[in-house]
Amino acid sequence: EKVELCVLKLDKCIPRLYCGGLVSSFLGLYTAYSKTEKCLKWSSLSDVLCFKKGFDYSAVQLNKVLALSGLAQLGLAFIPGALEVLKVDQKDLATLTTFMLASHSLYSTYR
């Protein structure tokens, strides 16, 4: 019985792990990518994470990451069969995605 409980908890964590991984990859790769130099500049990522260019700049960059991650997840949530392969519950992923995109929309409206 204890093993089944652990498996059930892990099943609920998979959408959150997937979401965290996707946000982390967009944060690391999108934020660090320099469009002018066409390469990764890790100083750009540290500028955002350490608020070196101010809170507003970091908030805007993080809002972009939230939007990109949310849209990528939303697309995945509605591809037939994709979630069975990844062992992700569609309802859980859609709920997380809705919160991400709603947060993005609220901040964008505020700004």
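Below or above, wherever it landed, is the structure these notes cover. (Residues numbered from 1 in each chain as written. Predicted model: local features only at pLDDT ≥ 70, side-chain atom pairs only at ≥ 80, totals over all residues. Heavy atoms only, no water.)

1. Regarding the overall build of the protein
- On a plain count of helices and strands, the protein comes out with five helices and two strands.
- Mapped from its N terminus to its C terminus, the protein presents α and β elements in the order α-β-β-α-α-α-α.
- For the protein, the share of sequence-separated contacts (at least 6 apart) that also reach a separation of at least 24 residues comes to 59%.
- Counting only carbon and sulfur atoms, one obtains 68% of the accessible surface of the protein, whose full area is about 7,600 Å². (Helix = DSSP H or I, 4+ residues; strand = E, 2+ residues; numbered from the N terminus. Contact = heavy atoms within 4.5 Å. Areas by Shrake-Rupley, 256 points an atom, 1.4 Å probe, with all protein chains shown as cover.)

2. Some details on the layout of surface pockets
- Roughly 220 Å³ of internal volume is contained in the largest pocket.
- Here the lining of the largest pocket is composed, by residue class, of four nonpolar, four polar and four charged. (1 Å grid on protein atoms, 1.4 Å probe; cavity = no way out; pocket = protein on both sides within 12 Å on 5 of 7 lines; lining within 4 Å. Points joined across faces, edges and corners; volume = space filled by probe spheres on them. Nonpolar A, V, L, I, M, F, W, Y, C, P; charged D, E, K, R; others polar.)

3. Structural notes on the side chain of Ser 44
- Along the chain, Ser 44 turns up in helix α2 (residues 42-49).
- Contacts of Ser 44, omitting those with residues within four sequence positions, involve Thr 31 and Ala 32.

4. Remarks on the environment of Ser 103
- Within the secondary structure, Ser 103 sits in helix α5 (residues 90-110).
- Overall, the relative accessible area of 38% leaves Ser 103 in the partly exposed class.
- When the C-alpha atoms of Ser 103 and Ala 67 are compared, they prove to be 8.8 Å apart, with 36 residues separating the residues in sequence.
- Every residue in contact with Ser 103, bar those within four places of it in the chain, is listed here: Asn 63 and Leu 66.
- A polar atom in the side chain of Ser 103 sits 2.8 Å from the backbone oxygen of Phe 99. (Buried < 20%, exposed > 50% of the residue type's maximum accessible area, 1.4 Å probe, protein only. Polar contact = N/O pair within 3.5 Å; in protein donor to acceptor, adjacent residues only side chain to side chain.)

5. Description of the pattern of salt bridges
- One pass over the full model with this rule turns up three salt bridges.
- Across the pair Asp 47 and Lys 53 runs a salt bridge whose closest N-O atoms are separated by 4.0 Å.
- Lys 53 sits in the exposed class, given a relative accessible area of 51%. (Salt bridge = Lys/Arg side-chain N within 4 Å of Asp/Glu carboxyl O.)

6. Notes on a nonpolar patch on the surface
- Together, Leu 29, Tyr 33, Leu 40 and Trp 42 give the surface a local cluster of nonpolar side chains, amounting to about 420 Å² of exposed area.
- Along the chain, the position of Leu 29 falls in helix α1 (residues 2-32). (Patch = residues over 30% accessible without salt bridge, like charges linked within 9 Å, V, L, I, M, F, W, Y side chains within 5 Å.)

7. Some words on unusual backbone geometry
- The phi angle at Lys 38 is positive, at roughly 55 degrees, despite the residue not being glycine.
- Along the polypeptide, Lys 38 turns up in the loop between β1 (33-34) and β2 (39-40).
- Its identity is not glycine, yet Phe 51 carries a phi of approximately 55 degrees, on the positive side.
- Within the fold, Phe 51 resides in the loop between α2 and α3 (55-77).

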